[in-house]
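An overview of the molecular structure
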Amino acid sequence: MEEMMGVIKLFAGNFAPKNFMYCNGALLSIAQNSALFSILGTTYGGDGISTFALPNLNGRYPIGAGNASTGSYTLGEMAGSPETTLLTTNLPSISSQLKVANANANSAAPSSSASIAITGNTVGRDFTAVPSYVNGDPDTVINPKSVFFQGQNLPVNNMPPYLGLNYIICVAGIFPSRP
């Protein structure tokens, strides 16, 4: 059965079958591929005078052209990146100062629901608790020099799990008819 020109398929082989080429962005001659050019045009590249390009799906995922809940995608649009470097401009801002609750020295013992640990002093068998955490609202601003977040500005991989296969496009076959 002959395939329709311009159809893209996934192919698990390590070669492009007869009448197919890899979807690798290759530039083709319009003069030698006029029928395919009439289908693709310069949507995927080329100068439109002597060359046009095949779609380049190397390292890319195809997405349906048109309007979607996540945005509008035009035919031939390429976007995205396999990795991104997060910067402070990408992170949410903190609109208030960082505060902690500061109780007066040894004013009250913290309750078990308010602390993760109770520090104190042991003398013999006696333990004297020293409040480490309090239930009160934060009332003391931490010196900004005491709180510092530093990264290494390394890219974060955005790629979901993947399997390498070849996308191939039919370059010789049945010319598709318009409805």
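Okay, so let's go over this structure. (Residues numbered from 1 in each chain as written. Predicted model: local features only at pLDDT ≥ 70, side-chain atom pairs only at ≥ 80, totals over all residues. Heavy atoms only, no water.)

**As for the overall build of the protein**
- Counting its regular elements, the protein contains one helix and 13 strands.
- Listing every helix and strand of the protein by position from the N terminus yields β-β-β-α-β-β-β-β-β-β-β-β-β-β.
- Out of the 179 residues in the protein, the part that is buried amounts to 13%.
- A sequence separation of at least 24 residues applies to 65% of the contacts in the protein between residues at least 6 apart. (Helix = DSSP H or I, 4+ residues; strand = E, 2+ residues; numbered from the N terminus. Buried < 20%, exposed > 50% of the residue type's maximum accessible area, 1.4 Å probe, protein only. Contact = heavy atoms within 4.5 Å.)

**Let's talk about the sheet that holds strand β1 (residues 8-11)**
- Spatial strand order, β1-β13-β2: three strands in an open sheet with antiparallel pairing. Only two strands of the sheet have a single neighbouring strand rather than two, namely β1 and β2 (20-22). When the angles between neighbouring strand axes are averaged without regard to direction, this sheet yields 40°.
- Alignment of β1 against strand β13 (residues 166-170), held across four bridges, turns out to be antiparallel. (Pairing = 2+ DSSP bridges. Axes fitted to C-alpha atoms, helices over the stretch in contact; angles between N-to-C directions.)

**What about the environment of K9?**
- Here K9 lies in strand β1.
- Along the primary structure K9 and F20 are separated by eleven residues, whereas in three dimensions their C-alpha atoms are 9.5 Å apart.
- Apart from residues no more than four positions distant in its own chain, K9 is found in contact with E3, F20, N166, Y167 and I168.

**Quick look at the packing of aromatic side chains**
- Tallied over the entire structure, the rule returns two aromatic pairs.
- Where F37 meets F52, the ring centres are 5.4 Å apart and the plane angle is 55°; that geometry is what we call tilted. Of this pair, F37 sits in helix α1 (residues 34-40) while F52 sits in strand β4 (residues 51-53), and the two are 15 residues apart along the sequence.
- Judged by relative accessible area, which is 22%, F37 ranks as partly exposed. (Phe/Tyr/Trp six-rings, centres within 6.5 Å; stacked < 30°, edge-to-face > 60°.)

**With respect to the layout of surface pockets**
- A volume near 970 Å³ is recorded for the largest pocket.
- Lining the largest pocket are 31 residues; nearest its centre among them are L57, Y61, P62, I63 and E77.
- Tallied by class, the residues present in the lining of the largest pocket amount to 18 nonpolar, eleven polar and two charged. (1 Å grid on protein atoms, 1.4 Å probe; cavity = no way out; pocket = protein on both sides within 12 Å on 5 of 7 lines; lining within 4 Å. Points joined across faces, edges and corners; volume = space filled by probe spheres on them. Nonpolar A, V, L, I, M, F, W, Y, C, P; charged D, E, K, R; others polar.)

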